[in-house]
Amino acid sequence: MIPETEAELAESIAAATGPLHVRGGGTRSAGAPRGEILQTGGLSGITLYEPGALTMVAQAGTPLSEVEAALEAEGQRLAFEPMDHRPLLGTEGTPTIGGVVAANVSGPRRIQAGACRDFMLGVRFVDGAGTVVKNGGRVMKNVTGYDLVKLMTGSRGTLGVLTEVSFKVLPKPAFEASLVLHGLDAGAAVAALSSALGSPFEVSGAAHDPAEGGRTLLRLEGFEASVRYRLNQLTERLGGEVTVLEDEDSTEVWRGLRDVTAFAGTEGDVWRLSVKPSDAAAVLDRMGGEVRTLLDWGGGLIWALAPESTDLRGRLHGVGGHATRVRAKDTDLPVFHPEPAPLAQVSAGLRQRFDPRGILNPGLMGT
């Protein structure tokens, strides 16, 4: 099913007699899809863009590339830097803005600018009963009671099918450069990243690649004179062997980190771990030497490439945080980290309220 209007979508959901697999561009599947495919690609187009107000409204099936092209023409961007999952997952299709919102996809800049959820202003969606629901607005200041906007962002289509999203955007900086520290182990790298993030120098990216002797990266953005001043200050603060990447060279490196292209086309399972940065070095030790890793968000996000069917969640039992199995072949391991009982009860109650028949993306429930 590919409805072309919100009314058609509502009719399709109301008339459904079995599970529906909600899909945007089909680029970031998770869990075990079940039911008839309900694709949002027919709901496409930017319906409002006000560069002066830093706001955009788009239908959920609008290709992300169309959104980014419109913003680029006005010198603006999505500050939360959404990841393109296609290289890592080996998928095709076209990422959509609705898919980005439904999965709360956020890249390296999250540590400074915030996540996708933090930029959302309003949503329109159809719940599991076929009812059209609207929440939020098209401006940055609005009072609407229950914050369904934040609830829907990251719900992965289990509470409702997004039809339209409104969000704020930010100006694109004039200059970008990255300070690269060489030869640090994980513990020293996280310490350096933490020091930089705790400084007044507005770091917009903080990552570490343990491969090839260790490369630790700090991104700075803004006016060129400001960026160069902050680079010098961070170099003095951190010391050690450093190099600098500028403009496109820096952009290309962070695009690769955002999309985890280092793990693209490789054999093995890919996990996404969220931990306290101070625990990152110990987590890497517990995972084992056969697991390849990348650290982002100052060490708070760890991408891990492990041999097939490796239960990293089990190896890290007792460590605070959560682990998501992003890519795997044949394994019975759950995709998402099991929720604590109180949270699971809340989640079940929300699903019962918004999708009482349990037909929206049931393959993601309990997986």
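Located above this text is the structure these notes cover.
Within every chain, residues take consecutive numbers counted from 1 along the sequence as written. Under the rules for a predicted model, residues below a pLDDT of 70 receive no local features and side-chain atom pairs below 80 are neither given nor counted, while totals for whole chains, interfaces and linings still include all residues. Only heavy atoms go into the side-chain values, all of them from the structure, while hydrogens and water stay out.

Draft legend 1. Main features of helix H1 (residues 6–15). The buried label applies to any residue whose accessible area, calculated with a 1.4 Å probe on protein chains only, is under 20% of its type's maximum; exposed applies above 50%, and partly exposed to all values in between. Helix and strand labels come from DSSP, where a helix needs a run of H or I of at least four residues and a strand needs a run of E of at least two; each type is numbered from the N terminus. Within the span of H1, buried status applies to Glu6, Leu9, Ala10, Ser12 and Ile13. Along the long axis of H1, the arc covered by the buried residues comes to 160 degrees, so they all point the same way. Projecting away from the buried face of H1 at angles above 90 degrees are the exposed residues Glu11 and Ala15. Looking at the packing, one finds that the buried side of H1 touches strand E1 (20–23), strand E2 (36–39), strand E6 (120–127), strand E7 (132–136) and strand E8 (160–168). Directions drawn from the helix axis to the C-beta atoms are what define this arc. A contact between two residues is defined here by any heavy atoms of the two lying within 4.5 Å.

Draft legend 2. Layout of the pairing of E6. Counting buried positions along E6 yields 7 of 8 residues, so the element is predominantly enclosed. Each pair of strands is called paired provided DSSP finds at least two bridges between the two strands. Note that E6 and E8 share 7 bridges and pair antiparallel. Across the sheet, residue Gly122 finds its bridge partner in E8, namely Ser166. Bridge count between E6 and E7: 5 bridges; the pairing is antiparallel. Bridging from a neighbouring strand, Gly122 pairs with Gly136 of E7. Between E6 and E7, which pair antiparallel in sequence order, lie 4 residues; one of them, Gly130, sits at a positive phi of approximately 90 degrees.

Draft legend 3. Inspection of the packing of aromatic side chains at higher detail. Any two rings among Phe, Tyr and Trp, with Trp reduced to its six-membered ring, count as a pair given centres within 6.5 Å; such a pair is stacked if its planes are under 30 degrees apart, edge-to-face if over 60, and tilted if neither. Taken as a whole and judged by the stated rule, the model has 2 aromatic pairs. For the ring pair Phe125 and Phe354, a centre distance of 6.2 Å and an interplane angle of 50 degrees mean the geometry is tilted. Of this pair, Phe125 sits in strand E6 while Phe354 sits in helix H12 (residues 341–354), and the two are 229 residues apart along the sequence. Judged by relative accessible area, Phe125 falls into the buried class, the value being 0%. Judged by relative accessible area, which is 10%, Phe354 ranks as buried. In this structure, Arg219 packs its charged tip against the face of Trp254, placed 4.7 Å from the ring centre. For a Lys NZ or an Arg CZ to count as sitting over a ring, it must be within 6 Å of the ring centre and within 35 degrees of the ring normal.

Draft legend 4. Quick peek at the packing of helix H7 (residues 186–197) against helix H8 (residues 224–238). Across the interface, H7 lies against H8 with an axial gap of 11 Å and an inter-helix angle of 135 degrees. Relative to H8, the element H7 is oriented oblique. Considering only the axes of H7 and H8, their crossing is right-handed. Contact residues: Ala192, Ser195 and Ala196 in H7; Leu234, Arg237 and Leu238 in H8. Each residue is assigned to one class: nonpolar for Ala, Val, Leu, Ile, Met, Phe, Trp, Tyr, Cys and Pro, charged for Asp, Glu, Lys and Arg, and polar for all the others, Gly among them. A per-class count over the contact of H7 with H8 returns 4 nonpolar, 1 polar and 1 charged. All axes here are fitted lines through C-alpha atoms, helices being fitted over the stretch that makes contact, and every angle between N-to-C directions spans 0 to 180 degrees. When describing relative orientation, an angle under 35 degrees is termed roughly parallel and one over 145 degrees roughly antiparallel, while 65 to 115 degrees is termed roughly perpendicular and anything else oblique. Crossing handedness follows the turn of the near helix against the far one: under a right angle anticlockwise gives a left-handed crossing, and clockwise gives a right-handed one.

Draft legend 5. Structural context of the sheet that holds strand E3 (residues 46–50). The strand order across the open sheet formed by 5 strands is E3-E4-E8-E6-E7, and the pairing between neighbours is antiparallel. The sheet terminates laterally at E3 and E7, the two strands that pair on one side only. Each neighbouring strand pair of the sheet contributes to a mean axis angle of 10 degrees, computed without reference to strand direction. Contacts between H1 and the sheet are confined to E6, E7 and E8, with E6 contributing the most and set at about 45 degrees to the helix.

Draft legend 6. Fine view of the pattern of salt bridges. We count a salt bridge whenever a side-chain nitrogen from Lys or Arg sits within 4 Å of a carboxyl oxygen from Asp or Glu. Tallied over the entire structure, the rule returns 16 salt bridges. Across the pair Arg124 and Glu6 runs a salt bridge, and its minimum N-O distance is 2.7 Å. Here Arg124, found in strand E6, pairs with Glu6, found in helix H1; they are 118 residues apart in sequence, far enough to count as distant. Classification of Glu6 by relative accessible area gives buried; the value is 19%. Lys329 serves as the salt-bridge partner of Glu267, at 3.2 Å between the closest nitrogen and oxygen. On the criterion of sequence distance, the pair formed by Glu267 in the loop between helix H9 (247–259) and strand E14 (269–274) and Lys329 in the loop between strand E17 (322–327) and H12 is long-range, its members being 62 residues apart. Judged by its relative accessible area of 55%, Lys329 is exposed.

Draft legend 7. Representation of the pairing of strand E16 (residues 301–306) within the structure. Here E16 lies mainly inside the structure; 6 of its 6 residues are buried. Side chains Leu301, Trp303 and Leu305 project from E16 onto one buried face, and the interleaved Ile302, Ala304 and Ala306 project onto a second face that is buried too. By the bridge criterion, 6 bridges tie E14 to E16 in an arrangement that is antiparallel. Bridging from a neighbouring strand, Leu273 pairs with Ile302 of E16. In terms of strand pairing, strand E15 (residues 292–296) meets E16 through 5 bridges, oriented antiparallel. Bridge assignment links Arg292 to a residue of E16, and that residue is Leu305.

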